[in-house]
Amino acid sequence: MAGLLKALVSASEKAADIARLCRHEEPLFQLLVAEKTGADKNRRFLQDFKTLADVLIQEVIKHDLGTEFPELQGHIGGEESNEFTNAQGETVAVRVCGTVGETAALLGSVLAPEQAAAELLAAAAHRDAALGDAALDGLALSIHPGDLAIWIDPIDSTNEYIGGREDVAPVDGISPAGLCSALVLIGAYDRCSGCPVLGVINEPFFRRDPLTHRWQGRYHWGVAYQDTRLCSLSPPPPPRPPPRVVLSRAEGPGVRAALHPLCGGHLHFAAGAGYKMLCVILGLADAYVLSEGSTFAWDACAPHAILRALGGGTVALAGALRARRVGENGPPPELLYNRPAEGAVGAERWANRGGLVAYVHPQHLEAVLDALAAVPGL
Ligand code: 2IP
Ligand code: CA
Ligand code: CA
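Along each chain, numbering runs from 1 in the same order as the chain's sequence is written. The lettering of chains begins at A and the numbering of ligands begins at 1, in the order of writing. Under the rules for a predicted model, residues below a pLDDT of 70 receive no local features and side-chain atom pairs below 80 are neither given nor counted, while totals for whole chains, interfaces and linings still include all residues. Hydrogens and water are ignored here; the side-chain numbers use all heavy atoms of the structure.

Draft legend 1. Spotlight on the coordination of the calcium ion (ligand 3). Metal coordination here is assigned from N, O and S atoms located within 2.8 Å of the ion, or within 3.2 Å for Na, K and Ca; omission of water means that sites may look incomplete. Only Glu79 (OE), Asp153 (OD) and Ile155 (O) from the protein coordinate the calcium ion (ligand 3), and they sit 2.1 to 2.3 Å from it. Along the chain, the residues that donate to the calcium ion (ligand 3) are spaced as E-x73-D-x1-I. Residue aspartate 153 is classed as buried on the basis of its relative accessible area of 1%. Burial here depends on accessible area, computed with a 1.4 Å probe over protein chains only, as a share of the maximum for the residue type. Under 20% is buried, over 50% is exposed, and the range in between is partly exposed.

Draft legend 2. Region of interest: the environment of alanine 305. Numbering goes from the N terminus for both helices and strands, where a helix is a DSSP run of H or I of at least four residues and a strand is a run of E of at least two. When you line up the elements, alanine 305 lands in helix H10 (residues 297-309). Judged by relative accessible area, alanine 305 falls into the buried class, the value being 0%. Any two residues having at least one pair of non-hydrogen atoms within 4.5 Å are treated as being in contact. Ignoring sequence-local partners within four residues, the contact set of alanine 305 consists of Pro196, Val197, Leu198, Gly199 and Ala224.

Draft legend 3. Structural view of the site of ligand 1. Not every one of the 17 residues close to ligand 1 is listed here, only the nearest: Asp156, Thr158, Ser248, Lys276 and Ser294. At a separation of 3.3 Å, an oxygen atom of ligand 1 approaches a polar side-chain atom of aspartate 153. Backbone polar atom of isoleucine 155 to an oxygen atom of ligand 1: 3.4 Å apart, as the coordinates give it. Protein contact buries 93% of the 440 Å² of open area that ligand 1 shows by itself. Elements with a minimum of two residues in the shell around ligand 1: strand E6 (148-156) and helix H9 (273-281). Broken down by element, the shell around ligand 1 gets its largest block of residues, 3 residues, from E6. For this classification, the nonpolar set comprises Ala, Val, Leu, Ile, Met, Phe, Trp, Tyr, Cys and Pro, the charged set comprises Asp, Glu, Lys and Arg, and every other residue, Gly included, is treated as polar. Here the shell around ligand 1 is built from residues that sort into 4 nonpolar, 7 polar and 6 charged. Throughout, the term near means that a residue has one or more heavy atoms lying within 4 Å of the molecule or strand in question. N or O atoms closer than or at 3.5 Å make up a polar contact, with two conditions inside protein: a donor-capable atom paired with an acceptor-capable one, and, for residues adjacent in sequence, both atoms drawn from side chains. Note on areas: Shrake-Rupley, 1.4 Å probe, and residue coverage restricted to the protein chains presented here.

This is how it looks when you write it as structure tokens:
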């Protein structure tokens, strides 16, 4: 299974390359923007965009993982449907074909008349990035890929990816918005238990190379399987009060008011569900609290696996508060990834209903749950 982790990292690197490629040319980027409609629309946004980059990246990851691990075929899910509507209103099912030429022809039917763009994307989809990572090469793990399933968010924080801002100053190390919050998220979970097992977060727009001025990315991974906990990052240092909590700008006044005193009057805000979880992973924040079901399985699976690898986790907020109210002992319920919400359709089937709390140190989780216990409506 170290082979699978390496394959997830390689796939994320390829995904990051495509994400960067699509941002290089502004006119090309404009071509790639299409509007989501119907049941797949994230109800939080009036306008939600899917780009060909999203669709293509998801298909490339699916193709590469499914080719190397046939036992994963049919068990790789993601945010996007592979249907893309071109400027002429025709629907094209985007996929990676047998040859670069065939893929270029298929992408050409979406991008027509921009054949050069289609060829660039097809070349990137078929290019194999050599991964030189000694830490990954040295890993020996025993879990069968046939026991796992995959969630992909090809680009999290699409709005920031499209907006492309590079001038947003970080506050205490946390970027409130901007291109750096656009991430590739690939998580693997146990098909039976629904627990997250492997996670890869790739930051395609980590920083600009000072010499070439080209974007440089970086990635992080974690393993949480049975008693094994491994991570590319060291655990954050021991807790220091007051806790730093990061929230969505859309978070309501009740939650803000409850957390304000706990955090010494200082709350942090950032875009991107994946980016906020990454802030916790990197030790820039102690917790990410979200009181609504506006994230999905593909947003949380990869970061959740890394948080577990670091000794933390991601709990279902409504379930955790309910368990406290009825005096249940034992750890609060973690998010699971194998159960669609009953009665829901489209993306909503996989919404993390009732919100979440991501944390590394259990003390912070307890403090946050204590503070939120009396918020009306939670
Ligand atoms: C979104 C994205 C948004 C987030 C939302 C996710 O995923 O991460 O930024 O909202 O919950 O579903 P917020 O930034 O308010 O936390 P995507 O960009 O993939 O649609
Ligand atoms: Ca997302
Ligand atoms: Ca996305």
